[in-house]
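Observations on chain architecture
Residue-level listing of the chains:
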Protein chains: 2
Amino acid sequence: MPKITSDLTITLDGCAAGAGQSREHPFGDMDPDRLHAWMFDHAEENTEEKEAFAGCGAYVMGRNMFGPDRGEWDLDWRGWWGPNPPFQVPTFVLGHRPRPSVEMEGGTVYHFVTDGIEAALERARDAAGERDVKIGGGVSTVRQYLQAGLIDELHFALSPVLLGQGEAMFAGLDLPALGYRVVESTASEMATHVVVG
Amino acid sequence: MPKITSDLTITLDGCAAGAGQSREHPFGDMDPDRLHAWMFDHAEENTEEKEAFAGCGAYVMGRNMFGPDRGEWDLDWRGWWGPNPPFQVPTFVLGHRPRPSVEMEGGTVYHFVTDGIEAALERARDAAGERDVKIGGGVSTVRQYLQAGLIDELHFALSPVLLGQGEAMFAGLDLPALGYRVVESTASEMATHVVVG
């Protein structure tokens, strides 16, 4: 059975992105290099985590993860990731306004979904076929899917830094009450990796 | 220079104690054995952490850490820790109502302080002399001292479990804005240990 999964890097104080997102600063005030240091500095021990980012059949992401503009679409904006994005599969972007799909190099096609998180997931499941669907982020999108009980497995990489302000992953979110628990946990030098299911 | 320190075990979702504290359940809904598993299951690798609990010259704790009763003191209640508590030094309990000091076996003397966190710390510093003072907990007491900038060093043991509901360590607390940052982090099999200063 294909799974619905999500991978998040969070800080010690439970933030997954900084406040003040802009075109120049997709993670807001947070330094993404510091947050994701575990992924790049200790590449060998993190092969497994990096593979988790690959191999899925479709992505779902919130509009803020796709771009910094709000309101009407800026049709010149085609995501943070340049002409050849890392997704390489159909990628469903949540939003309130319709927009034609955008085909990128390497297999990524951005589809814009206006009828809610369940409809977006349904389309992603269809597109993924036998493969998993990944809820890419950001935090508020992942929280919405969790609250709806639609995520099978969450992968947290906890980075030992403090952010103070930012998008709070856990505030007001009672994961045990939603049926989630920690099923696996391993520690590397730069991060603690926890699987919640 | 003696330091003001605090040691806290927290969950992945940033809780340090459960809701629903009672005489039978000092940590509320949280299972303290699971939370503190790192300390007992892997004793050898945690000698350093356990030593951190010893060696200080005085403790400060909030009333809820001392006992489950609220309002007027139950004078028969002498803490959760029996006749010979582990503190073995003067221990200052914050509260709103005066109560005579209580001398226990082994060197622990409970003093009850009604004139606020700064007064309690002042008395603890005097009692500790050349040794460190530890802010024992609970979460709301530690948060008050952090917000007042009165803690020099925080030791977190992050236990990879989810609690969902409980006393939130970080909600609304911007530690970087208060001048704190992560100065050290090490991972063991059962917990990630982070020093914030």
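Residues numbered from 1 in each chain as written. Chains lettered and ligands numbered in written order. Predicted model: local features only at pLDDT ≥ 70, side-chain atom pairs only at ≥ 80, totals over all residues. Heavy atoms only, no water.

**With respect to the sheet that holds strand E1 (residues 4–11) of chain A**
Working definition: the strands of a sheet are paired by backbone hydrogen bonds and lie parallel or antiparallel to each other. Residue and element names in this part refer to chain A. Spelled out, the test is: Whether two strands pair comes down to DSSP finding at least two bridges between them. A run of DSSP states H or I qualifies as a helix once it reaches four residues; a run of E qualifies as a strand once it reaches two. Both are numbered from the N-terminal end.
Strand order across the open sheet formed by nine strands is E4-E5-E3-E2-E6-E1-E7-E9-E8, with mixed pairing between neighbours. Bordering the open sheet on either side are strand E4 (102–103) and strand E8 (182–187), each of which pairs with just one other strand. In terms of strand pairing, strand E7 (residues 153–159) meets strand E9 (residues 192–196) through five bridges, oriented antiparallel. Across the sheet, His155 pairs through a bridge with Val195, a residue of E9.

**Some points on the relation of the copies chain A and chain B**
Both copies of the chain are placed relative to one another by a rotation about an axis and a shift along it. Note the threshold: When the copies are superposed, the least-squares fit draws on C-alpha atoms of residues that have pLDDT of at least 70 in both. Only heavy atoms enter the contact rule, under which two residues are in contact if any of them lie within 4.5 Å.
The operation relating chain A to chain B is a screw motion whose rotation component is 180°, with 0.0 Å of axial translation and a residual RMSD of 0.0 Å. Expressed as an axis order, the relation between the two copies is that of a two-fold axis. The rotation axis passes nearest to the C-alpha of Ala187 of chain A in chain A, at a distance of 2.8 Å. Interface overlap between copies is the fraction of interface residues in one copy that are interface residues in the other; for chain A against chain B it reaches 100%, indicating a shared surface.

**Overview of the sheet that holds strand E5 (residues 109–113) of chain B**
All names here are of chain B. The condition that has to hold: Fitted lines through C-alpha atoms give the axes, limited to the stretch in contact for helices. The angle between two N-to-C directions lies from 0 to 180 degrees.
On the basis of which strands lie adjacent, the open sheet formed by nine strands has the order E4-E5-E3-E2-E6-E1-E7-E9-E8 and mixed pairing. Edge strands, defined here as strands with exactly one partner in the open sheet, are strand E4 (102–103) and strand E8 (182–187). With respect to the sheet, helix H5 (residues 117–128) is in contact with strand E1 (4–11), strand E2 (58–61), strand E3 (90–94), E5 and strand E6 (133–137), its orientation differing from that of E3 by roughly 175°. Packed on one face of the sheet, helix H6 (residues 139–147) meets E1, E2, E3, E6 and strand E7 (153–159) and runs near 135° to E6.

**Remarks on the pattern of salt bridges**
Pairs can form between side chains of opposite charge whenever their charged atoms are close. All names here are of chain B. As a reminder of what qualifies: A pairing counts as a salt bridge when a side-chain nitrogen of Lys or Arg comes within 4 Å of a carboxyl oxygen of Asp or Glu. For the exposure calls, accessible area comes from a 1.4 Å probe over protein chains only, and a residue counts as buried if that area is under 20% of its type's maximum, exposed if over 50%, partly exposed in between.
Per the stated rule, a full pass over the model turns up eight salt bridges over all chains. Two residues, Glu153 and Lys3, come together in a salt bridge whose shortest N-O distance is 3.2 Å. With a gap of 150 residues between them, Glu153 in strand E7 and Lys3 in the segment before E1 connect regions that are remote in the sequence. Judged by relative accessible area, Glu153 falls into the buried class, the value being 19%. A salt bridge links Asp69 to Arg63; the shortest N-O distance between them is 3.3 Å. For the pair formed by Asp69 and Arg63, the shared burial category is buried.

**As for the packing of aromatic side chains**
This is how it is decided: In summary, the pairing rule links any two rings of Phe, Tyr or Trp, Trp by its six-membered ring, whose centres are within 6.5 Å, and it sorts them by plane angle into stacked for under 30 degrees, edge-to-face for over 60 and tilted for everything else.
The final tally for this structure, using the stated rule, is 16 aromatic pairs over all chains. Seen in terms of ring centroids, Tyr59 of chain B and Phe87 of chain B are 4.7 Å apart; in terms of plane orientation they differ by 65°. Their pairing is edge-to-face. In this pair, Tyr59 of chain B sits in strand E2 while Phe87 of chain B sits in the loop between helix H4 (63–66) and E3, placing the two residues 28 residues apart along the sequence. On the accessibility criterion, Phe87 of chain B (9% relative accessible area) is buried. Both rings, one in Trp77 of chain B and one in Trp80 of chain B, keep their centres 5.0 Å apart while their planes meet at 85°; by these two values the pair is edge-to-face. Per residue, the accessibility class of Trp77 of chain B equals that of Trp80 of chain B, and both read buried. Aromatic ring contacts, followed pair by pair, group Phe66, Trp73, Tyr110 and Phe112 of chain A into a single cluster.

**Some thoughts on H5 of chain B**
Residue and element names in this part refer to chain B. Rules: Given a helix with a known number of residues, its expected span is that number minus one, times 1.5 Å. In this description, the arc belongs to the directions extending from the helix axis to the C-beta atoms.
Helix length check: H5 (twelve residues) gives 16 Å between terminal C-alpha atoms against 16 Å at 1.5 Å per residue, within 8%. Among all positions in H5, only Ile117, Ala120, Leu121, Ala124 and Ala128 are buried. Axial view of H5: buried residues confined to an arc of 95°, hence all on one face. When the buried face of H5 is taken as reference, the exposed residues oriented beyond 90 degrees from it are Glu118 and Asp126. On the buried face of H5, the contacting elements are E1, E2, E3, E5, E6 and H6. After H5 finishes, the residue Gly129 shows a positive phi value of roughly 60°.

**Observations concerning the environment of Glu105 of chain B**
Inspection of the secondary structure puts Glu105 of chain B in the loop between E4 and E5. When residues no more than four places from it in sequence are discounted, the contact partners of Glu105 of chain B are Pro83, Asn84 and Pro85 of chain B.

**Describing the nonpolar core**
We count it as follows: Residue types Ala, Val, Leu, Ile, Met, Phe, Trp, Tyr and Cys, when buried and joined through side-chain atoms within 4.5 Å, form a set referred to as a nonpolar core.
Ranked by internal contacts, the top residues of the largest apolar core, which has 68 residues, are Tyr145, Phe156 and Met169 of chain A together with Tyr145, Phe156 and Met169 of chain B. With residues up to four places along the chain from it excluded, the contact list for Tyr145 of chain B reads Val60, Leu94, Ile117, Ala120, Leu121, Ile135, Leu150 and Ile151 of chain B. Core analysis: the next-biggest nonpolar cluster, separate from the first, contains 14 residues, Cys56, Tyr59, Phe66 and Trp73 of chain B among them.

**Considerations on the pairing of E6 of chain B**
Residue and element names in this part refer to chain B. For E6, the tally of buried residues reaches five of five residues, placing the bulk of the element in the interior. In this sheet, E6 lies alongside E2 in parallel orientation, the contact comprising four bridges. When the bridges of E6 are listed, Val60 appears paired with Ile135.

**With respect to the state of the cysteines**
A covalent bond between the sulfur atoms of two cysteines is what we call a disulfide. Just so we agree on the cut-off: Cysteine sulfur atoms that pair up within 2.5 Å are treated as a disulfide.
Taken as a whole and judged by the stated rule, the model has zero disulfides over all chains. Between Cys15 of chain A, a cysteine without a disulfide, and Cys15 of chain B, which holds the nearest cysteine sulfur, the sulfur-to-sulfur distance is 15 Å. Classification of Cys15 of chain A as buried rests on a relative accessible area of 4%.

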